[in-house]
Amino acid sequence: SSVLIAIACATIATTGAITGAALASLYWNTRTKKQKDDDEVSPSIQETAPTKRTKNSLSANDIPKAASQAGPDKHKREITQSIGEFLSLTDDARTNKQGKVCVLGGGAFGTSLAYASAQNGFRVSLYCRDAVQVSTINEQHYNPRYLSDTVLPSGIVATTDLKEAVEGCMLIILALPCQKTPDFFRQHRKVIPGGVVICVTAKGLYLPTRQLIGDAIEDALAAGDEQIRNANQNERPTRKPNPLAFFSGPTFAAEIVKNNPTVAVVASQTLYHAVHVQKVLSNETNFRLYVSQDIVSVQLGGALKNPLAVGAGLLTGCGYGINTLSAYVTRATAELRRLCVALGGAPDTINGLSGVGDLMLTCFSEQSRNQRCGVRLAKGETIEEILKDGMTVEGVPTAAVAVLYADACGLDMPLFRAVAGVIEGKLNTEEALKNLFERPAGLEMRRV
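Residues numbered from 1 in each chain as written. Predicted model: local features only at pLDDT ≥ 70, side-chain atom pairs only at ≥ 80, totals over all residues. Heavy atoms only, no water.

Novice: An account of the environment of Asp183 is requested, with residue identities and associated values reported.
Specialist: Within the secondary structure, Asp183 is located in helix 8 (residues 181–188). Owing to a relative accessible area of 41%, Asp183 belongs among the partly exposed residues under this scheme. Considered as a pair, Asp183 and Ile217 are 34 residues apart in the sequence and their alpha carbons are 8.6 Å apart. A distance of 2.6 Å separates polar atoms of two side chains, one belonging to Asp183 and the other to Arg186. (Helix = DSSP H or I, 4+ residues; strand = E, 2+ residues; numbered from the N terminus. Buried < 20%, exposed > 50% of the residue type's maximum accessible area, 1.4 Å probe, protein only. Polar contact = N/O pair within 3.5 Å; in protein donor to acceptor, adjacent residues only side chain to side chain.)

Novice: If you had to explain the environment of Asp348 to someone new, which residues and values would you point to?
Specialist: Looking at where Asp348 falls in the secondary structure, it is placed in helix 14 (residues 347–350). Judged by its relative accessible area of 63%, Asp348 is exposed. Taking C-alpha positions, Asp348 is 8.7 Å from Arg337, a pair spaced 11 residues apart along the chain.

Novice: Describe the packing of aromatic side chains, listing the residues and the values that go with them.
Specialist: Taken as a whole and assessed by the stated rule, the structure comprises 4 aromatic pairs. Ring geometry for Phe184 versus Phe185: centroids 5.7 Å apart, planes at 80 degrees, classification edge-to-face. The pair Phe184 / Phe185 is uniform in exposure class, with both members buried. Three or more aromatic residues link up through ring pairs in this structure, and these residues are Phe109, Phe247 and Phe287. (Phe/Tyr/Trp six-rings, centres within 6.5 Å; stacked < 30°, edge-to-face > 60°.)

Novice: Please set out the packing of helix 18 (residues 395–409) against helix 19 (residues 414–423) residue by residue, giving values where relevant.
Specialist: Between helix 18 and helix 19, whose axes approach to 9 Å, the crossing angle comes to 135 degrees. Between helix 18 and helix 19, the angle is such that the two are oblique. Crossing geometry of helix 18 relative to helix 19 is assigned as left-handed. Every residue of helix 19 that contacts helix 18 at Gly395, Val396, Ala399, Ala402, Val403, Ala406 and Asp407 is listed here: Phe416, Arg417, Ala420 and Ile423. Residue classes in the contact of helix 18 with helix 19 are distributed as 8 nonpolar, 1 polar and 2 charged. (Axes fitted to C-alpha atoms, helices over the stretch in contact; angles between N-to-C directions. Parallel < 35°, antiparallel > 145°, perpendicular 65-115°, else oblique. Left-handed = near helix turned anticlockwise from the far one by under 90°. Contact = heavy atoms within 4.5 Å. Nonpolar A, V, L, I, M, F, W, Y, C, P; charged D, E, K, R; others polar.)

Novice: Give me the pattern of salt bridges: which residues, what numbers.
Specialist: Across all of its chains, the model carries 9 salt bridges by this definition. One salt bridge connects Lys426 with Glu424, and the closest N-O pair in it is separated by 3.1 Å. A residue is classified by how much of its surface remains accessible, and Lys426, at 63% relative accessible area, is exposed. In this structure Glu424 comes out as partly exposed when scored by relative accessible area, which is 42%. Glu438 is the salt-bridge partner of Lys434, the closest N and O atoms lying 2.4 Å from each other. In terms of burial, Lys434 and Glu438 fall into one category: exposed. One salt-bridge network, in which partners are shared between bridges, spans Lys203, Lys305 and Asp358. (Salt bridge = Lys/Arg side-chain N within 4 Å of Asp/Glu carboxyl O.)

Novice: Break down the sheet that holds strand 8 (residues 244–248) for me, with residues and values.
Specialist: Pairing is mixed in the open sheet, where 8 strands are placed in the order 3-2-1-4-5-8-9-10. Because the sheet does not close on itself, it has two edges, and the strands there are strand 3 (156–159) and strand 10 (287–292). In this sheet, adjacent strand axes meet at a mean angle of 25 degrees when their direction is disregarded. As defined by bridge partners, strand 5 (residues 197–200) adjoins strand 8 across 3 bridges and the pair is classed as parallel. In the strand pairing of strand 8, Cys199 is matched with Ala245. Across the sheet, helix 5 (residues 108–119) touches strand 1 (100–104), strand 2 (123–127), strand 3, strand 4 (169–174), strand 8 and strand 10, and the angle it forms with strand 2 is around 170 degrees. (Pairing = 2+ DSSP bridges.)

Novice: Any details on helix 13 (residues 322–342)? Residues and values, ideally.
Specialist: The end-to-end C-alpha separation of helix 13 is 30 Å, in line with the 30 Å expected for 21 residues at 1.5 Å each. When helix 13 is considered as a whole, its buried residues turn out to be Leu325, Tyr328, Val329, Ala332, Thr333, Ala334, Glu335, Leu336, Arg337, Arg338, Leu339 and Cys340. Check the buried side of helix 13 and you find it contacts helix 12 (295–317), helix 14, helix 15 (353–364), helix 18 and helix 19. Positive phi shows up at Gly344, right after helix 13, with a value of about 105 degrees. (Expected span 1.5 Å × (residues − 1).)

Listed below in structure tokens is the structure:
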């Protein structure tokens, strides 16, 4: 039994978490035999394990504590309760298409995922701040501000009332700009129903704290819980935490609503939350979602490809051809993979939809705001001129954070640094390209 416990502890120390069903089975089998051995040898023997843990994960040291406070039967129920409770709340709603999906944000991407959910037969509540936009969607079934040539399914009901939008929903799809998202949740956390999965589509890093967007959202939602704990150490917050899932991949909104075959990935620390999103959005004709547990790489791939897409736009704007652009995207992929692995991600994830897939989409297409920004920079416009019309270009602020991450990890990252230099006005495109070509040539591939 000690070997099995060691394996369990090593798994937790390596991954930071172990899924509920596997943990319940492994712990139950090992603890029963371990307890029997302890009774025969010495009742004073204590279980010990490494203490490494990640936020919202169960550390190995928590297991014997919980078991000592209650009988083994109760502890086994506690381990598996979250998945059982989750399935009881969501499975029938998904299967019978009776569940309600809430989409926060009436922009292009929010509209496209509302469209996809409604096409699959779910009731959709679309939260928008613009009353005219809401009335047009409800009465004339199109969004006057985004994707206005698309006829929206009648199952989409728009509202300016956030409480009405989230009431009774089984899934929240977050489609707000990255930099506005944490403040939104901080302001409205009491309205957001606890326990409901939030699928995050924002691709970026939160600049004020230089965090992954998922960490910033968790901090914003937990802010009220901290206030409760600080006010009364004996009082526990009653609100259940919201599991987060992260949507990424090569997905332009305009193509989703045209029913073009589209493939993406959704990641969550606990796989059944990702599968929940997968079952709501996927269909058998044109929209396919894969699932992952690599939340670090899926978030970083979606965020860090943005400044790299600005770089692709710089090359396009200078008139360089497909040789140059293909080489750039290939080397950019290597830098993206190296940085993600240094920050705790998996290289295989970056080789997939949220890495290479999303990077190719944004680098090669004029539909990408980041690519268009690079083109305009190359033609002589300033960042201030490009952004003055309110266009969101996540690659602009993310470039500086990417360089900070590279410095923290001791990585060179010449392409990230070149793009950041042009965005900050320290280099022009020709100078950046000259600096890159003056670097010593070396091996093409290195271990990441």
